[in-house]
Every structure is written in C-alpha cells, then in structure tokens.
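As a plain string of letters, each chain reads:
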Amino acid sequence: MTQNPFTAIFDAQRTAIEQSQRMTHDALEAQQTSLGAFADAVETSGAMVESNAELTKGAIHAYFDAVEASMPEGSAEFDELRELVDEGFDSATEAQSQSLEAVLEAVEESEVAYEEFARSYADVIDTSFDAYLDAHEQVEQNVTAVAENVEEAAEDLDVSA
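Pulling in residues and values, what's your account of the overall build of the chain?
Each helix and strand counted, the chain has two helices and zero strands in total. Compactness check: the chain gives a C-alpha radius of gyration of 35 Å against a globular reference of 15 Å for 161 residues, more than 25% above the reference. Seen along its three principal axes, the alpha-carbon backbone of the chain occupies a region of about 130 × 30 × 15 Å. Long-range contacts, defined as pairs at least 24 residues apart, comprise 86% of the intrachain contacts of the chain with a sequence gap of at least 6.

Quick look at the structure:
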C-alpha cells in the first residue's frame, strides 16, 4: 500500500482496535479466573471450618479435663458436658459444611454458565472486531486511492506555465 499522510493514522487506529480486542479477551479470562479462585476459597474455608471446630472442641475438652482434675475425685462428672459440646460443634459444623457446599455448587454452576457466556461473547466480539477492521481497511484503501488521485492530479498540473 502506498504511504500517504493518513497511513500512520490508520496504523495507529488498527493497533488500538486490535489492543481493545485483546483487552476484551483478557478481561473475560480474568473474570473466569476470579470465579475459579472464589470456588477454591470456598472449598478452603470448608476445611478451615472443620479444623477450627476440632481445635475449639479440643480446647473445651482440655478445660473440662483441667477443671475435673482440680476437683476431688468422683465429685463431678463432665462426660455429659463433653458430649453436649461435641454434639453442638458437630451440628454447627455440619450446617456450615452444607451451606458451603451449596455455595460451592452455585459458584461452580455459575462458572460453567460464565464459560458458555464468555465463549459466545468472545465470538460476537471477534466477529464485530473483524467486521470493523474489514470496514476500516476499506476506508483506508479508499483514502489511499483518493490521495493517489490527488497526487497524480497535482503532478499533471504544470505549474511552470
């Protein structure tokens, strides 16, 4: 293609359009990655809930052991309290685990739906950008042709006469 004063402008515009297209794809990928990271965080928090419950139960049992050891033998029985603590923590942990599983399932479903959306959206974006770049190229060709015609007409003019 012939160089004219507009060539640099069209090159800059084409570069900006192509960068916008890449940034759109990058944004879609970043959003998809963040959904995956959120799902991982939910899974990790489930393990932390269970670990925290076990740690807390152990601390309470240790407290009961210490209190029981400080009392005269046979004067107090803490087995029922231990069972009550265990049941309470087990119930709470189960409820939290079920809630986290429901959240994780919803996030995973959202992740699958987003993947489908992102694919479709990327196809539409690519088609739109390709059509725009084709039109841009056509405009550039037309401008180049006009510039060449003007240049030829200027050369044909005899300024010395």
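Before we move on, could you go through the packing of aromatic side chains and cite the residues and values that matter?
Aromatic rings considered in pairs are described by the distance between their centres and by the relative angle of their planes. Scanning all chains against the criterion turns up four aromatic pairs. Where Tyr 63 meets Phe 64, the ring centres are 6.1 Å apart and the plane angle is 50 degrees; that geometry is what we call tilted. With a relative accessible area of 11%, Phe 64 lands in the buried category. Counting every residue linked through ring pairs, the aromatic cluster contains Tyr 63, Phe 64 and Phe 78.

Lay out the packing of helix α1 (residues 7–70) against helix α2 (residues 79–156) with the relevant residues and their values.
The geometry of α1 relative to α2 is characterised by a closest axis approach of 8 Å and an angle of 175 degrees between their N-to-C directions. Judged by the inter-axis angle, α1 sits roughly antiparallel to α2. Grouping the constituent residues of the contact of α1 with α2 by class yields 29 nonpolar, 17 polar and 16 charged.

Residues and numbers for the environment of Met 23, please.
One can find Met 23 in helix α1. A C-alpha to C-alpha distance of 15 Å links Met 23 and Thr 127, two positions 104 residues apart in sequence.

So, the pattern of salt bridges: which residues are in play, and what are the values?
Opposite charge on two side chains lets them pair, provided their charged atoms get close. Counted under the stated rule, the structure contains seven salt bridges. Residues Asp 11 and Arg 14 are paired through a salt bridge, measuring 2.8 Å at the closest nitrogen-oxygen approach. Remark: Arg 14 and Asp 11 occur in helix α1; sequence separation between them is three residues, near one turn of the helix. Using a relative accessible area of 36% as the deciding quantity, one classes Asp 11 as partly exposed.

Break down a negative patch on the surface for me, with residues and values.
On the surface, a cluster of negative charge is contributed by Asp 40, Glu 43, Glu 50, Glu 94, Glu 101, Glu 105, Glu 108 and Glu 109. Taken together, the elements giving at least two residues each to the negative patch come down to α1 and α2. Counting residues per element, the negative patch draws most heavily on α2, at five residues. Within the fold, Glu 50 resides in helix α1. By relative accessible area, which is 43% here, Glu 50 ends up partly exposed.

Conventions used here
- Residues numbered from 1 in each chain as written.
- Predicted model: local features only at pLDDT ≥ 70, side-chain atom pairs only at ≥ 80, totals over all residues.
- Heavy atoms only, no water.
- Helix = DSSP H or I, 4+ residues; strand = E, 2+ residues; numbered from the N terminus.
- Rg over C-alpha atoms; globule rule 2.2 N^0.38 Å.
- Contact = heavy atoms within 4.5 Å.
- Phe/Tyr/Trp six-rings, centres within 6.5 Å; stacked < 30°, edge-to-face > 60°.
- Buried < 20%, exposed > 50% of the residue type's maximum accessible area, 1.4 Å probe, protein only.
- Axes fitted to C-alpha atoms, helices over the stretch in contact; angles between N-to-C directions.
- Parallel < 35°, antiparallel > 145°, perpendicular 65-115°, else oblique.
- Nonpolar A, V, L, I, M, F, W, Y, C, P; charged D, E, K, R; others polar.
- Salt bridge = Lys/Arg side-chain N within 4 Å of Asp/Glu carboxyl O.
- Patch = residues over 30% accessible without salt bridge, like charges linked within 9 Å, V, L, I, M, F, W, Y side chains within 5 Å.
- Areas by Shrake-Rupley, 256 points an atom, 1.4 Å probe, with all protein chains shown as cover.
- Lys, Arg positive; Asp, Glu negative; His and termini not counted.
- Charge placed at Lys NZ, Arg CZ, Asp CG, Glu CD.

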